[in-house]
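# Structural description and commentary
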Amino acid sequence: MKILIKGGRVIDPANNLDAIADLLIDGRKISRVAKNIMASADKIIEAKGKIIIPGIVDMHVHLREPGREDKETIASGTGAGLKGGVTSLLAMPNTQPAIDTPQAVKMLKEIIRKDAQLAVYICGAITKGRQGQELADIAGLKQAGVVAISDDGASVEREDLLLRALRQAKKERLLVICHCEDKFLSDHGVVNLGYVSTKLGLRGISRESEYKRVERDIALAKKSAAAIHIAHVSCRESVELVAKAKKAGVRVTCETAPHYFALDDSALWGYDTNLKMNPPLRCAEDVAAIKEGLRDGTIDVVASDHAPHTENEKAIEFDRAEFGVIGLETELAAGISVLIGNGVLQWTGLVQKMCVNPARILGLSKGTLSPSADADIAIIAPDKEWTVKREEVVSKSKNSAFLGRQLKGVVEYTVCAGKIAYQASSPSA
């Protein structure tokens, strides 16, 4: 099938392209990007006034399958991704059971083959059962097809074990993704430690619980000469540590999530458990540091950290509610609204952090609109505003930090592997 997208603003940082142009898709691949393409096509999309970007590569997603299909499934999670312009994602391993063996990878691949509506890549566990006691078969996981390893949701407490994992991962050319949390320092907290936690009467989570572990993991990466990626950076000190390590030549990259640049802990006055995540919403000073880290390039990636939970896990007392928020459907709009809207990033910078960089870090041939590249594309109405409504959420779980909030930027089409996989119900003319 041939699809011709006409007259949109095509943004492809991998090719230094930001121009009004046409884009021709032939089968599963991009055929041409040029002005005034004159070619027959099975489908023509008029994209004047729209933004055309590579499909988003979200490198931090919890799809919950296998084991917690009541929260999310491969089918429902990938459907949510398409609504948000996501065409590739990395599924994290904290499922039940954890993705810690080649057999578990094989089983998950079969579910993906049957049910996934977009490209799903697999992150394996660092340790067996993500228990931090014994290394998983890292070589076997790589052979089975994982593209990274992580115990996400938990940090590997034992330094000797993580060092061994880093050395093996380097040998296997695998990325290690680090959840940086010292559980002793976070001490069963539920919100950021500070004025707001005190006024709310809730146990606080110190910034030290994050940045001290960032510091340790960077030191181990330096010692092993392995590549690490720091997940969900939320505080100023973590940004500073990553910046310093990069300047020193350590092979470190990092990500943040939209809630860490869009919201601070003052949003918690209503005890809304949909705003409970780990790490927690930090103070305004930290939000400013996250924005600056995105602006200056210290923070490489914006990822959703999509973490679905059922209603009965969230609609309870704040102390007892599960950590985590969904984000596949709102991450791009949050980036447009907050980062582009406030001049933190230009369009090219946002696409770099949501498409180009995650693909590069994971070693995927994604995130570009080059001729012969996979035809993974999002077409966006950049100024169209919308309100995040529970009844319109595609994800099986509804625990969004942005419920009731107005965002700017609507994905009107998502093209995945050359097929129109998602179309908004009423694309604007």
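Use the structure listed above.
Residues numbered from 1 in each chain as written. Predicted model: local features only at pLDDT ≥ 70, side-chain atom pairs only at ≥ 80, totals over all residues. Heavy atoms only, no water.

### Observations concerning the pairing of strand β2 (residues 17-26)
This is how it is decided: When DSSP finds at least two bridges between two strands, those strands are taken to pair. Helix numbering and strand numbering both begin at the N terminus, where a helix is a DSSP run of H or I of at least 4 residues and a strand a DSSP run of E of at least 2.
Relative to β2, strand β1 (residues 2-12) runs antiparallel, the two sharing nine bridges. When the bridges of β2 are listed, I5 appears paired with L23. Connecting the antiparallel pair β2 and strand β3 (residues 29-34) is a turn made up of two residues, with G27 showing a positive phi of about 70 degrees.

### Some thoughts on the sheet that holds strand β15 (residues 301-302)
Heads up, the rule is: Should any heavy atoms of two residues lie within 4.5 Å, those residues are considered in contact. Note on geometry: axes are C-alpha line fits, over the in-contact stretch for helices, and angles between N-to-C directions span 0 to 180 degrees.
What the eight strands build is an open sheet, ordered β6-β7-β8-β9-β10-β13-β14-β15; its pairing is parallel. Two strands bound the open sheet, and with one partner strand each, they are β6 (56-61) and β15. Of the strand pairs in this sheet, strand β7 (residues 86-91) and strand β8 (residues 119-124) are connected by four bridges, and their pairing is parallel. Residue pairing for β8: S88 is matched across the bridge by A119. Packing of helix α8 (residues 236-247) onto the sheet brings it into contact with β13 (228-230) and β14 (252-256), and relative to β14 it is tilted by some 155 degrees.

### A short note on the side chain of T87
Within the secondary structure, T87 is located in strand β7. Discounting residues that sit within four places of it in the chain, T87 has contacts with G55, I56, L118, A119, D376, I377, T414, V415 and C416.

### Description of the nonpolar core
Put simply, the test is: Here the nonpolar core consists of buried residues drawn from Ala, Val, Leu, Ile, Met, Phe, Trp, Tyr and Cys, with membership extended through side-chain atoms lying within 4.5 Å. Burial classification: accessible surface area is computed with a 1.4 Å probe over protein chains only, and a residue below 20% of its type maximum counts as buried, one above 50% as exposed, and the rest as partly exposed.
In terms of nonpolar packing, the biggest core is built from 79 residues, with I149, V176, I218, I228, I230 and I380 touching the most fellow members. If one sorts the elements of this core by residue count, helix α4 (residues 159-172) sits on top with six residues. Not counting the four nearest positions on each side in its chain, I228 is found in contact with L166, L175, V176, C178, D217, I218, A221, R251, V252 and T253.

### Details of the packing of aromatic side chains
The test is simple: Paired rings are identified among Phe, Tyr and Trp, the last through its six-membered ring, by centres lying within 6.5 Å, and are further divided according to the angle between planes into stacked (under 30 degrees), edge-to-face (over 60) and tilted (the rest).
Scanning all chains against the criterion turns up one aromatic pair. Ring centres 6.3 Å apart and planes at 80 degrees place the aromatic pair Y195 and W269 in the edge-to-face group. Remark: W269 occurs in the loop between α9 (258-262) and α10 (284-296) and Y195 occurs in helix α6 (residues 195-200); sequence separation between them is 74 residues. Given the relative accessible area of 59%, Y195 is considered exposed. A residue is classified by how much of its surface remains accessible, and W269, at 40% relative accessible area, is partly exposed.

### A look at the side chain of R64
Here is the rule: When charges are tallied, Lys and Arg are placed among the positive residues and Asp and Glu among the negative ones, while His and the ends of the chain are skipped. Salt bridges, as used here, are contacts in which a Lys or Arg side-chain nitrogen is within 4 Å of a carboxyl oxygen on Asp or Glu. Think of a polar contact as two N or O atoms within 3.5 Å of one another; within protein, one of them needs to be a possible hydrogen donor and the other a possible acceptor, and neighboring residues in sequence only count if both atoms come from side chains.
When you line up the elements, R64 lands in the loop between β6 and α1 (74-83). It is E313 that comes nearest to the buried, bridge-free R64 among opposite-charge side chains, at 7.0 Å. A polar contact is formed between the side chain of R64 and the backbone oxygen of P308, at a distance of 3.0 Å.

### So, the packing of helix α7 (residues 208-224) against α8
Pairs of packed helices are described in terms of their axes, by the angle between the two and the distance that separates them. Threshold: With respect to orientation, any angle under 35 degrees is reported as roughly parallel, any angle over 145 as roughly antiparallel, any angle of 65 to 115 as roughly perpendicular, and every other angle as oblique. Helix crossings fall into two classes, left-handed where the near helix is turned counterclockwise from the far one by less than a right angle and right-handed where it is turned clockwise.
Here α7 crosses α8 at 15 degrees, and the two axes come no closer than 8 Å. Regarding the angle of α7 to α8, the classification is roughly parallel. As α7 runs across α8, the sense of the crossing is right-handed. Touching E210, Y211, V214, E215 and I218 of α7 are E237, S238, L241, V242 and A245, all from α8.

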